[in-house]
Amino acid sequence: MIAGTSVRTVLVAVKDRSVAASVSEVLGRYGYAVKAVHDSAALSDARRSHFDCVAIDSNFCDAGLAGTVRELISDRADMKVVVLARTPCVSGAAEAFAAGAGDYVAWTAPPETIPAAFDRVFRHDAGDDTPVPPRNGNREIGLIGMSPRMVEVYKVVARVANLASTVLITGETGSGKEQIARAIHGNSQRAAEPFIAIDCASVPEGLFESEFFGHEKGSFTGAHAVRKGVLEAAGQGTCFLDEIGELPLHLQAKLLRALQEKTVRRVGSSQAIPIAARIICATNRDLADFVHRGTFREDLYYRLNVVPIHLPPLRDRPDDIRALIEHFVERFSAGRDLPCRVAPDALHILLRYPWPGNVRQLENVMERTVALTPYPVILPEDLPAEIAEASRIAEQIGLSQSAEKAPPVALRELNRRHIEAVLEKTGGNKLRAAQMLGIDRRTLYRILERSKTSNESPPHP
């Protein structure tokens, strides 16, 4: 508990008695005075008592989590609320924070994580944190993870959801940038409006202008009908521009003008059409470096980078890997006679793997493994061979299970050796190597490019 404070009292409201007992025991060890209740009616105790904080199960109240949090806070302005979740996700976290909760934590997290959440909540009294605005609407978003860095991301999602500000999401390929964009949209007043996404890296250069701004019938060969561009089609909703760093310079100027004037002109027309969509962009590139090199407009960069959100790579938040594995195994084994689970030695291998393709790669690997495993327990031999090989390399380098404790150089070395080994196995065939890694070929090229621009030796082509 925070040094220099009096004993804090906590009401733990969790239906599962064993979970309530476990949470209470951990908080007690850290100096909190705890009482546990197991039915929603007992929450009335919190409203008329001296409890400093309520720790509430995310599935505790029939009336809904957001409504219950708001009621607790409205009845007692000084009440602190911590939401406990069995399977945490970004939508649940955003809902909790935006309703006014002080923190959101998985009860399956390491023991020290739970009291740390309560410490953060009570620091609000000293003005060390920013209040979270109310939210409207919610959509289920499949982004799992409750590491401290991801919790900070969820807080930003809740704070900016109902703003009109442009958001720039950065992070490696496969780290979940589109899920964050959908979470912002789904937790905003625009949730019932369209969410239109476009991958700037996959649009042929000759079609960029038509895709962004639309075109009139007959404006060019093949334009057989009027077509709205993504900025117009999004209406009052959200337009998500993925891989914005791939936008050609000449179109960057047009996009900047459209954002500044809040209008678009379709190809073949001089009429200005108003646009009202919120713009969220994402990139796995260093746009500041692109600006320095002259390949990205500085004025557009500052126009897009109003609210920056950085998603850490999976290797930098190893505490989330276990939760993601459990989530994907449960999802992909649904419908089987016996649901799958991962044996401890297989889990050990998965936790040591560097996941260069991040969450997307982990999802692909678990789907493949569950599909090909006839038994309910996933053993090491059921995992793809390249996963086990990378784990063996990690052992050789001497990495700890937690990437946060491992030197960055060692992690880069592990990635490099692993990709070298896979490329050697495929005879230099990058397409096959990408398939074995569970990522697409474009992602592999980007990983190789990052390796070439770093101080380490690049993988063999």
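In what follows, the structure referred to is the one given above.
Please read these numbers as outputs of a predicted model, since none were measured by experiment. (Residues numbered from 1 in each chain as written. Predicted model: local features only at pLDDT ≥ 70, side-chain atom pairs only at ≥ 80, totals over all residues. Heavy atoms only, no water.)

Looking at the packing of helix H13 (residues 319–332) against helix H14 (residues 344–352)
For the pair H13 and H14, the least separation of the axes is 10 Å and the interaxial angle reads 125°. As judged from the angle between their axes, H13 and H14 are oblique. Crossing handedness for the pair H13 and H14: right-handed. Between H13, through Ile321, Arg322 and Ile325, and H14, the contact on the second element is made entirely by Leu347, Leu350 and Leu351. Grouping the constituent residues of the contact of H13 with H14 by class yields 5 nonpolar, no polar and 1 charged. (Axes fitted to C-alpha atoms, helices over the stretch in contact; angles between N-to-C directions. Helix = DSSP H or I, 4+ residues; strand = E, 2+ residues; numbered from the N terminus. Parallel < 35°, antiparallel > 145°, perpendicular 65-115°, else oblique. Left-handed = near helix turned anticlockwise from the far one by under 90°. Contact = heavy atoms within 4.5 Å. Nonpolar A, V, L, I, M, F, W, Y, C, P; charged D, E, K, R; others polar.)

Details of the sheet that holds strand E3 (residues 53–57)
Taken together, 5 strands build an open sheet; the order of strands is E2-E1-E3-E4-E5 and the sheet is parallel. At either end of the open sheet lies a strand with only one pairing partner, and these are strand E2 (33–37) and strand E5 (103–106). Geometrically, the sheet is characterised by an average inter-axis angle of 20° between neighbouring strands, direction not taken into account. When E3 meets strand E4 (residues 80–85), the two strands line up parallel, connected through 5 bridges. In the sheet register, Val54 faces E4, and the bridge partner there is Val81. Packed on one face of the sheet, helix H3 (residues 65–75) meets E3 and E4 and runs near 160° to E4. (Pairing = 2+ DSSP bridges.)

Focus on the nonpolar core
Counting 46 residues, the largest nonpolar core has Val83 and Ile169 as the members making the most contacts within it. Among the elements that take part in this core, helix H6 (residues 148–160) stands out by supplying 7 residues, more than any other. If near-sequence neighbours (up to four positions away) are discounted, Val83 is found in contact with Ile56, Ser58, Leu65, Val69, Ala96, Ala101, Asp103, Tyr104 and Val105. Grouped together as the second largest cluster of nonpolar side chains are 37 residues, Ala390, Leu423, Ile439 and Leu448 included. (Core = buried A, V, L, I, M, F, W, Y, C linked by side-chain atoms within 4.5 Å. Buried < 20%, exposed > 50% of the residue type's maximum accessible area, 1.4 Å probe, protein only.)

Some words on the packing of aromatic side chains
Scanning the model with the defined rule gives 7 aromatic pairs in all. When the centroid spacing of 5.8 Å and the interplanar angle of 55° are considered together, the rings of Tyr32 and Phe118 count as tilted. Taken as a pair, Tyr32 in the loop between helix H1 (17–29) and E2 and Phe118 in helix H5 (residues 113–123) lie far apart in primary sequence, 86 residues in all. Like Tyr32, the residue Phe118 is buried in the burial classification. With 6.1 Å between their ring centres and 55° between their planes, Phe212 and Phe213 make a pair best called tilted. Overall, Phe212 belongs to the buried group, its relative accessible area being 0%. Note on Phe213: relative accessible area 4%, which makes it buried. Pairwise contacts between aromatic rings join Phe208, Phe212 and Phe213 into one cluster. (Phe/Tyr/Trp six-rings, centres within 6.5 Å; stacked < 30°, edge-to-face > 60°.)

Considerations on the side chain of Ser24
Within the element layout of this structure, Ser24 appears in helix H1. Residue Ser24 is classed as buried on the basis of its relative accessible area of 16%. Excluding anything up to four places from it in sequence, Ser24 contacts Val12, Val34 and Ala36.

Points about the pattern of salt bridges
If you walk through the whole model with that rule in mind, you get 16 salt bridges. Here Glu178 and Arg182 are joined by a salt bridge, their closest N and O atoms 3.0 Å apart. Linking Glu178 with Arg182, this pair stays in helix H7 (residues 177–186), spanning 4 residues, or about one helical turn. For Arg182, a relative accessible area of 36% corresponds to the partly exposed category. With a shortest N-O distance of 2.9 Å, Arg331 and Glu363 are connected by a salt bridge. (Salt bridge = Lys/Arg side-chain N within 4 Å of Asp/Glu carboxyl O.)

Some thoughts on H7
Among the 10 residues of H7, 7 are classified as buried, and the element is accordingly described as predominantly covered. Every buried residue belonging to H7 is among Lys177, Ile180, Ala181, Ala183, Ile184, His185 and Gly186, and all of these are buried.

Observations concerning the environment of Leu437
Considering the arrangement of structural elements, one finds Leu437 in helix H18 (residues 430–437). By relative accessible area, which is 1% here, Leu437 ends up buried. Once the C-alpha coordinates of Leu437 and Trp355 are considered, the two residues, 82 residues apart in sequence, prove to be 8.6 Å apart. Residue contacts for Leu437: discarding those within four places in its chain leaves Tyr353, Gln361, Glu386, His418, Val422 and Leu444.

Thoughts on unusual backbone geometry
A positive phi is found at Trp355, a non-glycine position, where the angle reads about 50°. In this structure, Trp355 sits in the loop between H14 and helix H15 (358–372). On the basis of relative accessibility, which here comes to 0%, the residue Trp355 falls in the buried class. With phi around 60°, Asn358 is a residue other than glycine that occupies positive phi space.

Some thoughts on the sheet that holds strand E10 (residues 238–242)
Reading across the sheet, the 5 strands line up as E7-E10-E13-E6-E14 and stay open at both edges, with parallel pairing between neighbours. Both outer strands of the open sheet, strand E7 (195–199) and strand E14 (307–310), are each paired with one neighbouring strand and no more. Ignoring which end each strand starts from, the neighbouring axes of this sheet average 20° apart. As paired strands, strand E6 (residues 167–170) and strand E13 (residues 278–283) are joined by 4 bridges and run parallel to one another. Paired with Thr170 across the two strands is Thr283, which belongs to E13. Where H6 meets the sheet, it contacts E6, E13 and E14, and its direction lies at approximately 155° from that of E14.

That is the geometry; function is a separate question.
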